[in-house]
Amino acid sequence: QGRDALERMIPDEMADRKEELIEACITVGREMSWDMFRTEVELIPGVKRLFAAVGGRKIPMGVVTSTERSNIQRKLIPLARHGIKGALAAVIAIEDAPRRKPAADPLIVCADQLGVPPRTCLYAGDSHVDIRAGRAAGMLTVGVLSGLDDRETLEAESPTLILESVADLIPFFS
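Residues numbered from 1 in each chain as written. Predicted model: local features only at pLDDT ≥ 70, side-chain atom pairs only at ≥ 80, totals over all residues. Heavy atoms only, no water.

K.L.:
Any chance you could explain the environment of Arg74 here in plain terms?
P.N.:
Structurally, Arg74 can be placed in helix α4 (residues 69–75). For the pair Arg74 and Ile108, spaced 34 residues apart in sequence, the C-alpha to C-alpha distance is 24 Å. A polar contact of 3.3 Å, which involves the side chain of Arg74, links it to the side chain of Asn71. (Helix = DSSP H or I, 4+ residues; strand = E, 2+ residues; numbered from the N terminus. Polar contact = N/O pair within 3.5 Å; in protein donor to acceptor, adjacent residues only side chain to side chain.)

Okay, structure coming up:
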């Protein structure tokens with residue numbers, strides 16, 4: 001997606017240098033992204049307490065992301081900085097399953113890695129794609145209003161529950 005956008009942004013007059021410019025933009029973007037995740041990106045409020053509550057109940061946790069495996073480590077930097085990255089028993093990248101969300105495949109791969117049946121899982125996400133994937137996998141689904149989609153969009157997917165924040169999940173595990 002990013003490469004396609006860069007190709008469209010480079011004027012035709014620079015066509016002979018297009019590939020060189022695209023690679024330079026990608027390199028600079030990656031470097032800036034690493035720096036941002038190291039110093040500026042923070043956890044969503046409540047995540048650290050939620051991890052403590054879920055971990056305290058000995059419930060395995062995983063992340064399913066549409067991020068490529070080569071980019072996951074930088075996205076986990078804030079979790080590492082707060083000492084909670086180790087709480088994740090599974091991290092599923094976009095290429096770890098045959099189909100991507102909204103298909104159930106990556107969530108089922110995650111449940112398998114966690115060693116639990118999908119029907120016993122709770123999947124929280126902030127987009128309609130997350131809710132569709134969770135429902136397709138037979139999981140309890142929680143829409144969280146901390147990201148991509150608004151309440152109306154999430155409600156249209158019929159999640160089990162919609163919460164304002166991941167912090168609102170804490171009482172379920174306390």
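K.L.:
How should the side chain of Glu157 be read in this particular structure?
P.N.:
Looking at the element boundaries, Glu157 is found in the loop between α8 (151–155) and β5 (161–163). Here Glu157 is in contact with His128, Ile131, Arg132 and Arg135, once residues within four sequence places are set aside. (Contact = heavy atoms within 4.5 Å.)

K.L.:
Help me out: how do you make sense of helix α7 (residues 128–136) in this one?
P.N.:
One turn of the α-helix equals 3.6 residues, which is why residues spaced by three or four share an orientation. Looking at α7, one finds that the buried residues are Asp130, Ile131, Ala133 and Gly134. The buried residues of α7 all sit within an arc of 165° when viewed along its axis, so they share a single face. In this structure, the buried side of α7 is in contact with α6 (105–114), β3 (122–125), β4 (140–144) and α8. (Buried < 20%, exposed > 50% of the residue type's maximum accessible area, 1.4 Å probe, protein only. Arc of directions from axis to C-beta.)

K.L.:
So what exactly am I meant to see when it comes to the pairing of β4 here?
P.N.:
The two faces of the sheet receive side chains in turn, since in a regular strand these alternate between them. Burial analysis of β4 places four of its five residues in the buried class, which makes it a mostly covered element. Where β3 meets β4, four bridges bridge the pair, whose relative direction is parallel. Bridge pairing in β4 places Ala124 opposite Val142. Chirality of the crossover, the property in question, places the unit of β3, α7 and β4 among those that are right-handed. (Pairing = 2+ DSSP bridges. Right-handed = clockwise from strand over helix to strand, strands pointing away.)

K.L.:
Would you explain the state of the cysteines in this entry?
P.N.:
Where two cysteines share a covalent bond between their sulfur atoms, that bond is called a disulfide. Taken as a whole and assessed by the stated rule, the structure comprises zero disulfides. Not part of a disulfide, Cys110 finds its nearest cysteine sulfur in Cys121, a span of 7.1 Å. On the basis of relative accessible area, Cys121 is assigned to the buried category, the value being 10%. (Disulfide = S-S within 2.5 Å.)

K.L.:
Got a minute to help me understand unusual backbone geometry in this structure?
P.N.:
Keep in mind that most residues, glycine aside, have a negative phi and that most peptide bonds are trans. Here the amide bond leading from Lys101 into Pro102 is cis, since omega sits at 20°, within 30 degrees of zero. Considering the arrangement of structural elements, one finds Pro102 in the loop between β2 (88–92) and α6. Unusually for a residue other than glycine, Lys58 sits at a positive phi of about 60°. Relative to the helices and strands, Lys58 is located in the loop between α3 (47–56) and β1 (61–64). For Lys58, a relative accessible area of 72% gives the class exposed. The phi angle at Ser158 is positive, at roughly 55°, despite the residue not being glycine. Inspection of the secondary structure puts Ser158 in the loop between α8 and β5.

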